[in-house]
Amino acid sequence: MDVSSMQATATTRQEPLLSIKGLKTHFATRAGVVKAVDGVDIELGRGEILGLVGESGSGKSITGFSILGLIDPPGRIVDGSIEYDGLDLVSMGEEPRRQLRGNDIAMIFQDPSMTLNPVLRIDTQLIETVQAHAEVSTAEARQRARDALVQVGIPSPDERLKAYPYELSGGMRQRIAIAIALINKPKLIIADEPTTALDVSIQGQIIYEVKQLCRKTGTALIWITHDLAVVAGLADRISVMYAGRIVETGITADVIERPLHPYTQGLIDSVPSHSTRGRRLHQIKGMTPSLLNLPQGCAFRDRCERATPECLVAPEPTLLPGGKSVRCWNPAL
Amino acid sequence: MPVFIINRLFQALGVILVMSVLVFVGLYLIGDPTSMLVSPEATEIERQALRKALGLDQSIWVQYLTFLENAVQGDFGRSFLTGQPALQLIIERMPATVELVIVAMTFSVLVGVPLGILAGLRPKAPSSKAIMTGSILGFSLPNFWIGLMLIMLFAVYLGVLPASARGETVSVGPVALSILTVDGWQHLALPALTLGLAKAALMIRVTRAATREVLPMDYIKFARAKGLRPSRILNVHLLKNILIPIITVAGLEFGQAIAFAVVTESVFSWPGMGKLLIDSIITLDRPVVVAYLIMMVFFLVILNLVVDILYMAIDPSAREKVRD
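Residues numbered from 1 in each chain as written. Chains lettered and ligands numbered in written order. Predicted model: local features only at pLDDT ≥ 70, side-chain atom pairs only at ≥ 80, totals over all residues. Heavy atoms only, no water.

1. Looking at the overall build of chain B
Rules: Under the scheme used here, helices are H or I runs from DSSP no shorter than 4 residues and strands are E runs no shorter than 2 residues, and both carry numbers assigned from the N terminus. For the exposure calls, accessible area comes from a 1.4 Å probe over protein chains only, and a residue counts as buried if that area is under 20% of its type's maximum, exposed if over 50%, partly exposed in between. Contact criterion: two residues are considered in contact whenever any of their non-hydrogen atoms come within 4.5 Å of each other. Method for areas: the Shrake-Rupley scheme with a 1.4 Å probe, in which residue coverage is limited to the protein chains shown. Charge counting treats Lys and Arg as positive and Asp and Glu as negative, with His and both chain ends excluded. Lysine's charge is taken at NZ, arginine's at CZ, aspartate's at CG and glutamate's at CD.
The secondary structure content of chain B amounts to 14 helices and 2 strands. With respect to the principal axes defined by its C-alpha atoms, chain B has extents near 85 × 60 × 35 Å. The proportion of buried residues among the 324 residues of chain B is 43%. Taking as baseline every contact in chain B between residues at least 6 positions apart, the subset at least 24 positions apart corresponds to 71%. Accessible area for chain B stands at about 16,400 Å²; split by element, carbon and sulfur atoms hold 69% of it. Within chain B, the 21 negative side-chain charges are centred at a point lying 18 Å from the centre of the 25 positive side-chain charges.

Written out as structure tokens, the structure is:
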């Protein structure tokens, strides 16, 4: 079926832009099945900004790649649904999915020194993104490329277009990656820790600018990060991920001021802030469990101060008023 | 850039000096060329006369310095055996070898690179495993054996291709080429295949390894995330990045083949330079051996220069290094 006509009918209904239900992405390795994503539910409205927070290995990046259909063997989406604008992304064929990627749904990667092809000029890498999705002349695509660089605040864009990635700084490269993501005016951008590899000052600038751009263009954004402080000022809502599952979702202010899940509380207590100056930083006890060998029941059970015998059975998400949701037997209500 | 080229040529000069000393001393130690040149019944007086005529009565260092003095003026001496200028002998044989090697290398790249990419893209597919097994055979079977088997098959059983010698040639200026005639191609086919199969096997392995290295890179995943068509990712994003190791190996192999295509040339009685070198070493024909090796050093230096310039065309950061 034609993708654009399906979208046209979808937009007439009042539906979320993205709706993920019970997503499970597993990797069959020699050592066993790695359940990188094991039951993730996400709902995202048009133009909404969601912070997806979790530590390394919690499955947040794999969730992002699952949306784009960029999971490579031995990885596979084994269960669940991803619905984008009325389209089922999991069962969709490769060609219609390619047409969505970079056009409707774009992604920004973590390490800007690795995402741009080292042997291609910046203009080539921007122009090809336009021409992969629209039949426009190279001159027209180049004009759009230039506009995209201006949009992300790159000085002297004409010079930058002729440069190779190695000639640019990390912050500049990440701006170019953001320009590539924005160039086809997507409805959704997935940003996978895009500021982790950058200086703190550049980090702040980029977060601010991405937020402004998304607000201006009405683009929805999923900002994946391990750093709660980063999304505090950026996201409308926050989802906290632990060991392949979303343990808590809510409005940003709610989650930060009144965390329900003991893991979220632990994360917030670990953020260095003025109130804890001079005191030892809080640490969540224990280690992230191996995804190959998760504890039975709640995966956070072993590290949790509020664990009870009930926790031997995995809790299901509990919906609470105010759009909150928590996956815990003993939430701090 | 010009500084870079001049540097390279000076380096070449140094290599040539060292190498010529080694070859001189080496051949001097191996034996007396006059014993190969005169009949066993010749008297000692005849031998002495020959030695004097060839300048072999002088001490090795005097001989060497005389050689250097002449070489600087472009005279690399005359063959002890035929009396022809050594350089002329080599240059006459050169087109045959160069032609053979160019055809063989073109074959190996055209066959090896696509197969290597295929094997690298899907390493677990049966077709990829077949390609890799074939490549192991390709470079572990000895060259002369492959040559003999091809002769057996195509020349003896099927009788479709000639087994030896060079075909009809056409003169282009001073150079005689056989790739311009049908007969020439028929004669070229088997030796080029013999030389090219092992090289193709190597190209498969190099290309596969490079493909496997580039594919997991973030920039390939990012290219997919941009929604590029698979053909664009393959032909531009992958290919441009794997070209660097491919060109390195192809360049080395090309030089290697030009300088030492001797086995293939012997099997097919191909009148190239390799055959000349072996004959000259056997007869201790020092001027030809020395001139040949000097030519080869020059050639390899030029080849490396070409490879470096190709790097710069592909890898933008290599350009920067040269500019500094």
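2. Thoughts on the sheet that holds strand S5 (residues 87–88) of chain A
Note: strands within a sheet are paired through backbone hydrogen bonds, in either parallel or antiparallel orientation. Residues and elements named next belong to chain A. To keep it simple, the criterion reads: Strands are labelled as partners when DSSP assigns at least two bridges between them. Here an angle of 0 to 180 degrees is reported between the N-to-C directions of two axes, which are lines fitted to C-alpha atoms, with helices fitted over the stretch in contact.
Ordered in space as S2-S1-S4-S5, the 4 strands form an open sheet in which the pairing is antiparallel. Every other strand in the sheet has two partners, leaving strand S2 (32–44) and S5 as the edge strands with one partner each. Across 2 bridges, strand S4 (residues 75–84) lies against S5 in antiparallel orientation. Each bridged residue has a counterpart across the sheet, and for glutamate 83 the counterpart in S5 is aspartate 88. Strands strand S1 (18–29), S2 and S4 of the sheet are contacted by helix H2 (residues 60–68), whose axis makes an angle of about 110° with S1.

3. A look at the packing of helix H8 (residues 170–182) of chain A against helix H9 (residues 200–217) of chain A
Relative orientation and spacing of two packed helices are given, respectively, by the angle between their axes and the distance between those axes. Residues and elements named next belong to chain A. Put simply, the rule is: Each angle gets one of four labels, with under 35 degrees taken as roughly parallel, over 145 as roughly antiparallel, 65 to 115 as roughly perpendicular, and the rest as oblique. The crossing is said to be left-handed when, going from far helix to near helix, the turn is anticlockwise and less than a right angle, and right-handed when the turn is clockwise.
Orientation of H8 relative to H9, taken along the N-to-C sense of each, is 15°, at an axis distance of 11 Å. Considered as vectors, H8 and H9 are oriented roughly parallel to each other. Classified by chirality, the crossing of H9 by H8 is right-handed. Contacts from Gly171, Gln174, Arg175, Ile178 and Leu182 of H8 reach H9 at Ile202, Gln205, Ile206, Glu209, Val210 and Leu213.

4. Quick look at the interface of chain A and chain B
Note on interface size: it is often stated as the accessible area lost on association of the parts. Under the convention used in this document: As used here, buried area is the combined drop in accessible area, with a 1.4 Å probe, of two parts when they are placed together. The salt bridge criterion pairs a side-chain nitrogen of Lys or Arg with a carboxyl oxygen of Asp or Glu, the two atoms within 4 Å.
Contacts between chain A and chain B engage 28 residues on the former and 22 residues on the latter. Summed over both sides, the interface between chain A and chain B buries roughly 2,400 Å², with carbon and sulfur atoms accounting for 58% of that surface. The three residues of chain A that bury the most area against chain B are Val119(A), Glu128(A) and Tyr166(A), which together make up 23% of that side's buried surface. Measuring nitrogen to oxygen at the nearest pair gives 2.8 Å for the salt bridge that ties Glu128(A) to Lys226(B).

5. Quick notes on the pairing of S4(A)
Residue and element names in this part refer to chain A. Pairing of S1 with S4, which is carried by 8 bridges, proceeds in the antiparallel orientation. When the sheet's bridge partners are listed, phenylalanine 27 is paired in S4 with glycine 75. A loop of 2 residues connects S4 with S5, the two strands running antiparallel in sequence, and aspartate 85 in this loop sits at a positive phi of about 50°.

6. Side note on the confidence of the model for chain A
Defined as follows: Each residue gets a pLDDT score, which is the predictor's confidence in that residue and runs from 0 to 100.
With 93% of its residues at a pLDDT of 70 or more, chain A shows a mean pLDDT of 86. Contacts from residues 1–13 of chain A, a stretch scored under 50 in pLDDT, to residues over four places away or in other chains number 16 contacts.

7. Side note on the side chain of Thr195(A)
Inspection of the secondary structure puts Thr195(A) in the loop between strand S7 (188–192) and H9. Those residues in contact with Thr195(A) that sit more than four places away from it in its chain are Gln203(A), Ile206(A), Ile207(A) and Trp223(A).

8. Remarks on the packing of aromatic side chains
Each pair of aromatic rings is reported with the distance of its centres and the angle of its planes. Quick reminder of the rule: Whether two aromatic rings pair depends on their centres lying within 6.5 Å, for rings of Phe, Tyr and Trp, where Trp uses its six-membered ring; planes under 30 degrees apart make the pair stacked, over 60 edge-to-face, and the rest tilted. Whether a charge sits over a ring comes down to the Lys NZ or Arg CZ being within 6 Å of the ring centre and within 35 degrees of the ring normal.
The tally for this structure, following the rule as stated, stands at 9 aromatic pairs over all chains. Consider the rings of Phe24(B) and Phe67(B), whose centres lie 5.3 Å apart with planes at 45°: the pair is tilted. With a gap of 43 residues between them, Phe24(B) in helix H1 (residues 2–30) and Phe67(B) in helix H4 (residues 60–72) connect regions that are remote in the sequence. Just as Phe24(B) is buried, Phe67(B) falls in that class too. The structure contains a cluster of three or more aromatic residues connected by ring pairs, namely Phe65(A), Phe109(A) and Phe222(B). The ring centre of Phe65(A) lies 4.0 Å from the NZ or CZ of Lys221(B), which sits over that ring.

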